[in-house]
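Residue-level listing of the chains:
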Amino acid sequence: MAEEAHSQVIDQVVQEALNQANLSEADLSAVAVTIGPGLSLCLRVGVQKARKTAGSFNLPIIGVHHMEAHALVARLMERELQFPFMALLISGGHNLLILAQGLGQYIQLGTSIDDAIGEAYDKTAKWLGLDMRRSGGPAIEELAREGDAESIKFSIPMKQHKDCNFSYAGLKTQVRLAIESRNINAEIPISCASSQDRRSRADIAASFQRVAVLHLEERCERAIEWALKIEPSIKHLVVSGGVASNQYVRARLDQVVKKNSLQLVCPPPSLCTDNGVMVAWTGIEHFRVGRFDPPPPAVESEDFVYDLRPRWPLGEEYAEGRSEARSLRKARIHPSLTSIIQASLQQQH
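Residues numbered from 1 in each chain as written. Predicted model: local features only at pLDDT ≥ 70, side-chain atom pairs only at ≥ 80, totals over all residues. Heavy atoms only, no water.

**Q** Pulling in residues and values, what's your account of the overall build of the protein chain?
**A** Across its full length, the protein chain holds 11 helices and 8 strands. The globule rule puts the C-alpha radius of gyration for 349 residues at 20 Å, and the 21 Å found for the protein chain is close to it. With the principal axes as the frame, the protein chain shows a C-alpha extent of 65 × 45 × 40 Å. The buried share of the protein chain, reckoned over its 349 residues, is 48%. A total accessible area of about 17300 Å² is found for the protein chain, and carbon and sulfur atoms account for 51% of it. Across the protein chain, the mean location of the 38 positive side-chain charges is 4 Å away from that of the 41 negative side-chain charges. (Helix = DSSP H or I, 4+ residues; strand = E, 2+ residues; numbered from the N terminus. Rg over C-alpha atoms; globule rule 2.2 N^0.38 Å. Buried < 20%, exposed > 50% of the residue type's maximum accessible area, 1.4 Å probe, protein only. Areas by Shrake-Rupley, 256 points an atom, 1.4 Å probe, with all protein chains shown as cover. Lys, Arg positive; Asp, Glu negative; His and termini not counted. Charge placed at Lys NZ, Arg CZ, Asp CG, Glu CD.)

Here it is in structure tokens:
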């Protein structure tokens, strides 16, 4: 279904972008496109369109890592954001803590070992019968303001693991059980709930949000400690991804960062959620240093195999950060962006 939705609108979306910029394809310098990580069926739609455009107009093409794009878009907004810096990428599908040492050079300090925070927000919102038209995050944040965040003592995930990895599957289960034990019926939308039922839902939302974000805070604290050991000159923590537009999340992380004398950098919400600008900007960054592929042929051969990387780590794992609590499937993982770039640099020398 997602692939079909992509296919139906991609031509129109690309055309609208060109129209709004008052450009035609002939005015472009290059084409950038996400090649991973993500669902391969959906990635293929974008890559096909990008190669078709690049081939027809003889343009170089740049394959972009989706998570690198989230991290680098901050450099479009904050021109003084120089490497090295730290980034926390929080969305529905991924949680990632990285140390960015240079363009294409990342050390992975922590990652999600099961569900990401955005997924936990969405499920909690759904189980609480909230309005899901925007997405679960804003709905939970709004309702949580009415609730008592201390009313339910959910336990903080991964307390016993002294690393920077994230896990939200257990917290989701705790929330589901709390909702069941209070007989909350998600079929009854919150707008129709009695005042007592509404208060009970608000308490769960507030307690969930407090613990979900506490887990982020704890992981960030430790990651900052680790990062400063590797690169003492760090000044900034970039927070991006869909969940980064949550005001409560920003405020809490701002405290953590200030305590460590760093600055929090958050792109505006429109550039935090998935967007084309971040992919184009990442394309520009790589294009400037000569990292791009030559224009594809105007007519692709029938049996051409697209370079898609559904499972593609951004950086190499920090030695101290290797998780024992891994439920990550290691099969068919593409070598990390950082390792590929380092190998190509060594070949040049």
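**Q** Please give an account of the nonpolar core that cites residues and values.
**A** One finds Met86, Leu88, Ile90, Leu97, Leu109 and Phe208 to be the most contacted residues of the largest nonpolar core, which totals 55 residues. It is helix α7 (residues 195-230) that provides the largest number of residues to this core, a total of 14 residues. With residues up to four places along the chain from it excluded, the contact list for Leu88 reads Leu96, Leu97, Phe166, Cys220, Leu237, Val238, Val239, Ser240 and Leu253. Counting 31 residues, the second-largest nonpolar core is a separate cluster that includes Val33, Leu43, Ala87 and Val265. (Core = buried A, V, L, I, M, F, W, Y, C linked by side-chain atoms within 4.5 Å. Contact = heavy atoms within 4.5 Å.)

**Q** So, the packing of aromatic side chains: which residues are in play, and what are the values?
**A** The full count for this structure, using the stated rule, is 5 aromatic pairs. Centre to centre, the rings of Phe287 and Phe292 are 5.0 Å apart; their planes meet at 50°, and the pair counts as tilted. A residue is classified by how much of its surface remains accessible, and Phe292, at 38% relative accessible area, is partly exposed. Seen from the ring of Trp312, Arg309 lies directly overhead, with NZ or CZ sitting 4.6 Å from the centre. (Phe/Tyr/Trp six-rings, centres within 6.5 Å; stacked < 30°, edge-to-face > 60°. Lys NZ or Arg CZ within 6 Å of the ring centre and 35° of its normal.)

**Q** Quick rundown of the pairing of strand β3 (residues 85-90)? Include the residues and the values.
**A** The element β3 is largely enclosed, with a buried count of 6 among its 6 residues. Along β3, one buried face is formed by Phe85, Ala87 and Leu89 and the opposite face, lined by Met86, Leu88 and Ile90, is buried too. Here β3 hands over to strand β4 (residues 95-102) after 4 residues, the two strands then running antiparallel side by side. Pairing geometry for β3 and strand β6 (residues 236-240), over 4 bridges, is parallel. Counterpart to Leu89 in the pairing with β6 is Ser240. (Pairing = 2+ DSSP bridges.)

**Q** Could you give an account of the sheet that holds β6, naming the residues involved and the relevant values?
**A** An order of β7-β6-β3-β4-β5-β8 is seen for the 6 strands of this open sheet, with the pairing classed as mixed. Where the open sheet ends on each side, the last strands, each with one partner, are β7 (263-265) and β8 (316-317). Here 6 bridges tie β4 to strand β5 (residues 105-111), and the two strands are oriented antiparallel to one another. Bridge pairing in β5 links Leu97 to Gly110. Sitting on the sheet, helix α8 (residues 247-259) touches β3, β6 and β7, and the angle it makes with β7 is about 150°. (Axes fitted to C-alpha atoms, helices over the stretch in contact; angles between N-to-C directions.)

**Q** Can you explain the pairing of β4? Please cite residues and give values.
**A** The buried count for β4 comes to 7 of 8 residues, which makes it a mostly enclosed element. One ladder, built from 6 bridges, connects β3 with β4; its direction is antiparallel. Bridge assignment links Ala87 to a residue of β4, and that residue is Ile98. The turn joining β4 and β5, which pair antiparallel and follow one another in sequence, is formed by 2 residues; a positive phi near 80° is taken by Gly104.

**Q** Lay out helix α11 (residues 337-348) in plain terms, naming residues and giving numbers.
**A** Under the 1.5 Å per step criterion, the end-to-end length of α11 is 17 Å for 12 residues, consistent within 8% with the ideal 16 Å. All of the buried residues along α11 are Leu337, Thr338 and Ile341. Viewed end-on, α11 has its buried residues packed into an arc of 95°, placing them on one side of the element. Among the exposed residues of α11, those oriented more than 90 degrees off its buried face are Gln346 and Gln347. (Expected span 1.5 Å × (residues − 1). Arc of directions from axis to C-beta.)

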